[in-house]
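These are the residues of each chain, in order.
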Amino acid sequence: SSLRRPAVAADLLANYLPPEVVALLDLGSLALQDGSFIDGNLRDQQSDLLFRARLLAGGETYIYLLFEHKSTVFRLTPFQVLRYQVRIWEGDIRLAGGRAIALCPIIPIVVYHGKRRWTAPLSLSGLFRSSPALAPFIPEQHYVLLDLQAWKKEEIIGGLLLRVTLLVLQAIFRPNLPKSLTAIAALLRQLGDHVIREQELSRILTYATRAGQGLSVTQFTAVATAADPERGGTIAMT
C-alpha cells in the first residue's frame with residue numbers, strides 16, 4: 001500500500017484526523033514500525049500499519065491504521081482495536097525489560113470500504129449495556145473511522161498517491177470495477193517519476209486481482225494502459 005510511505009501516511013493524517021489532533025503532531029517525524037498485530041486468522045480480512053510520531057509539545061505517540069477489507073461490518077471492531085492496542089503496548093513493555101515505563105498514547109484509525117455503511121459503535125463503551133452506576137467501570141476507548149463508502153469521490157482529498165489509494169479501496173467492492181480502475185489509473189500519468197508510477201500501478205493491479213471480482217485480460221491491460229499509454233501493455237503482461 002502507498003500508505004506505507006510516511007509522506008503519504010502524513011497526508012492522510014493531515015486531511016482526515018481532527019484538526020486539534022493534527023495540531024499536536026510532528027508529521028515530518030512519522031516513522032513506520034515493524035510488525036502486524038492482527039489475529040492470524042483475520043489476515044485475509046484485515047491489514048494494519050503502525051507509525052510512531054513525535055508530539056510538538058514533547059513525547060511521542062503511535063498512529064495505528066487498521067484496514068477492514070471485509071464487505072460487511074463487524075460490530076466488535078472496537079474490541080478488536082483495543083486488543084491490537086494492548087499488543088502494541090505489551091511490545092513496548094517487553095522491550096523495556098519489564099521496567100516501569102510511560103506508555104505512548106495510540107491514535108487508532110479504522111479504514112473501511114465494504115459494501116454497507118458502517119454501523120459498529122465508534123467506541124468500546126458502545127458495546128456495553130449496563131446501569132449508569134457502573135459507568136465508571138466501563139472503558140471509553142474511541143477510534144477514528146474513515147468510511148469510504150459514505151463518501152463521494154470529490155470528498156476524497158489529499159495528494160495524488162493518497163487519493164489513488166483511497167479511490168481504489170472505495171471502488172473495489174462496487175459494480176463496474178474495471179471502468180473505475182481505468183479512470184483511477186489514469187491519474188497516475190501525473191506522476192513524473194516512472195519508477196513510482198510503475199510501483200503504484202503494480203499495487204493497483206495486484207490488489208484488484210486478489211480482492212476484486214476479477215479482471216479479464218482486456219480489462220487488465222486497459223487499466224495498465226490508462227496509467228502508462230506507452231508501457232502499460234508490457235507492464236500488464238509482466
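This text follows the structure it describes.
For clarity, every value in this text was computed on a predicted model and none was experimentally measured.

Novice: I keep staring at the overall build of the chain and nothing clicks. Help me out?
Specialist: Helix and strand counts for the chain come out as eight helices and five strands. Counting from the amino terminus, helix and strand elements in the chain follow one another as α-α-β-β-β-α-β-β-α-α-α-α-α. For 238 residues, the compact-globule estimate of 2.2 N^0.38 gives 18 Å, and the chain sits close to it at 20 Å. With the principal axes as the frame, the chain shows a C-alpha extent of 65 × 35 × 35 Å. A burial count over the chain gives 45% of its 238 residues as buried. Restricting to contacts in the chain with at least 6 residues of sequence separation, those with at least 24 account for 61%. A total accessible area of about 12,400 Å² is found for the chain, and carbon and sulfur atoms account for 56% of it. Between the centroid of the 25 positive side chains of the chain and the centroid of its 20 negative side chains there is a distance of 6 Å.

Novice: Mind showing me how you'd approach the nonpolar core here?
Specialist: Nonpolar side chains tend to gather and get buried jointly when the protein is soluble and globular. The biggest cluster of nonpolar side chains holds 53 residues, and the ones touching the most others in it are L12, Y16, L30, I63, I109, L166 and L181. It is helix α4 (residues 160-171) that contributes the most residues to this core, nine residues altogether. Setting aside anything within four residues of it in sequence, one finds L12 in contact with L3, L17, L65, L146, L162 and L166. F37, Y62, C104 and I106 belong to the second-largest nonpolar core, a separate cluster that totals 18 residues.

Novice: What is the right way to look at the side chain of Q80 in this model?
Specialist: Mapped onto the fold, Q80 is located in helix α3 (residues 77-95). Here the side chain of Q80 touches Q46 through a polar contact of 2.9 Å, side chain to side chain. Not counting chain neighbours up to four residues away, the residues in contact with Q80 comprise L42, Q46, E68 and F74.

Novice: What exactly am I supposed to notice about unusual backbone geometry here?
Specialist: Glycine aside, residues mostly have negative phi angles, and peptide bonds mostly take the trans form. With phi around 60 degrees, N176 is a residue other than glycine that occupies positive phi space. By secondary structure assignment, the location of N176 is in the loop between α4 and α5 (177-186).

Novice: Is there a simple way to explain the pattern of salt bridges in this structure?
Specialist: If the charged atoms of two oppositely charged side chains come close together, the side chains can form a pair. Under the defined criterion, the tally for this structure stands at eight salt bridges. Residue R52 pairs with E60 through a salt bridge whose shortest N-O separation is 2.8 Å. The exposure class assigned to R52 is partly exposed, which follows from its relative accessible area of 23%. Each of R5, E200 and R203 takes part in salt bridges that share partners, so that together they form one network.

Novice: Would you mind going over the side chain of D147 with me for this structure?
Specialist: As for its position among the elements, D147 is in strand β5 (residues 144-147). From its side chain, D147 meets the backbone nitrogen of W118 in a polar contact 3.0 Å long. Once residues lying within four places of it in the same chain are set aside, the contact partners of D147 are Y112, R117 and W118.

Novice: Where do I start with α3 in this structure?
Specialist: In an α-helix, one full turn covers 3.6 residues, which means residues spaced three or four apart are oriented alike. Between its terminal C-alpha atoms α3 stretches 27 Å, which fits the 27 Å expected from 19 residues at 1.5 Å a residue. For α3, the full list of buried residues reads T77, P78, Q80, V81, Y84, Q85, I88, W89, G91 and D92. Contacts made by the buried residues of α3 are with β2 (46-55), β3 (60-68) and β4 (106-112). Where α3 ends, the next residue or the one after it, G97, has phi of about 65 degrees, a positive value.

Novice: How should the packing of helix α1 (residues 6-16) against α4 be read in this particular structure?
Specialist: Each pair of packed helices can be summarised by the angle the axes make with each other and by the distance between the axes. Between α1 and α4, whose axes approach to 9 Å, the crossing angle comes to 80 degrees. As the angle between them shows, α1 and α4 are arranged roughly perpendicular. On the side of α1, the interface is formed by V8, D11, L12, N15 and Y16, while α4 contributes L161, L162 and L166. Across the contact of α1 with α4, the residue classes break down as six nonpolar, one polar and one charged.

Novice: What exactly am I supposed to notice about the environment of P78 here?
Specialist: With respect to the element layout, P78 can be found in helix α3. Residue P78 is classed as buried on the basis of its relative accessible area of 2%. Setting aside anything within four residues of it in sequence, one finds P78 in contact with P121, S123, L124, L127 and Y143.

Novice: What is the right way to read the sheet that holds strand β1 (residues 25-32) from this model?
Specialist: Backbone hydrogen bonds hold the strands of a sheet together, and the pairing may be parallel or antiparallel. Taken in spatial order, the five strands line up as β1-β2-β3-β4-β5 in an open sheet, and their pairing is mixed. Strand pairing shows two members of the sheet lacking a second neighbour, β1 and β5, which therefore form its edges. Looking at each pair of strands side by side, their axes are set apart by 25 degrees on average, direction ignored. With four bridges connecting them, β1 and β2 associate as antiparallel partners. Residue pairing across strands places L25 opposite L55, the latter belonging to β2. Where α1 meets the sheet, it contacts β1, β2, β3, β4 and β5, and its direction lies at approximately 140 degrees from that of β1.

The rules we used
- Residues numbered from 1 in each chain as written.
- Predicted model: local features only at pLDDT ≥ 70, side-chain atom pairs only at ≥ 80, totals over all residues.
- Heavy atoms only, no water.
- Helix = DSSP H or I, 4+ residues; strand = E, 2+ residues; numbered from the N terminus.
- Rg over C-alpha atoms; globule rule 2.2 N^0.38 Å.
- Buried < 20%, exposed > 50% of the residue type's maximum accessible area, 1.4 Å probe, protein only.
- Contact = heavy atoms within 4.5 Å.
- Areas by Shrake-Rupley, 256 points an atom, 1.4 Å probe, with all protein chains shown as cover.
- Lys, Arg positive; Asp, Glu negative; His and termini not counted.
- Charge placed at Lys NZ, Arg CZ, Asp CG, Glu CD.
- Core = buried A, V, L, I, M, F, W, Y, C linked by side-chain atoms within 4.5 Å.
- Polar contact = N/O pair within 3.5 Å; in protein donor to acceptor, adjacent residues only side chain to side chain.
- Salt bridge = Lys/Arg side-chain N within 4 Å of Asp/Glu carboxyl O.
- Expected span 1.5 Å × (residues − 1).
- Axes fitted to C-alpha atoms, helices over the stretch in contact; angles between N-to-C directions.
- Parallel < 35°, antiparallel > 145°, perpendicular 65-115°, else oblique.
- Nonpolar A, V, L, I, M, F, W, Y, C, P; charged D, E, K, R; others polar.
- Pairing = 2+ DSSP bridges.

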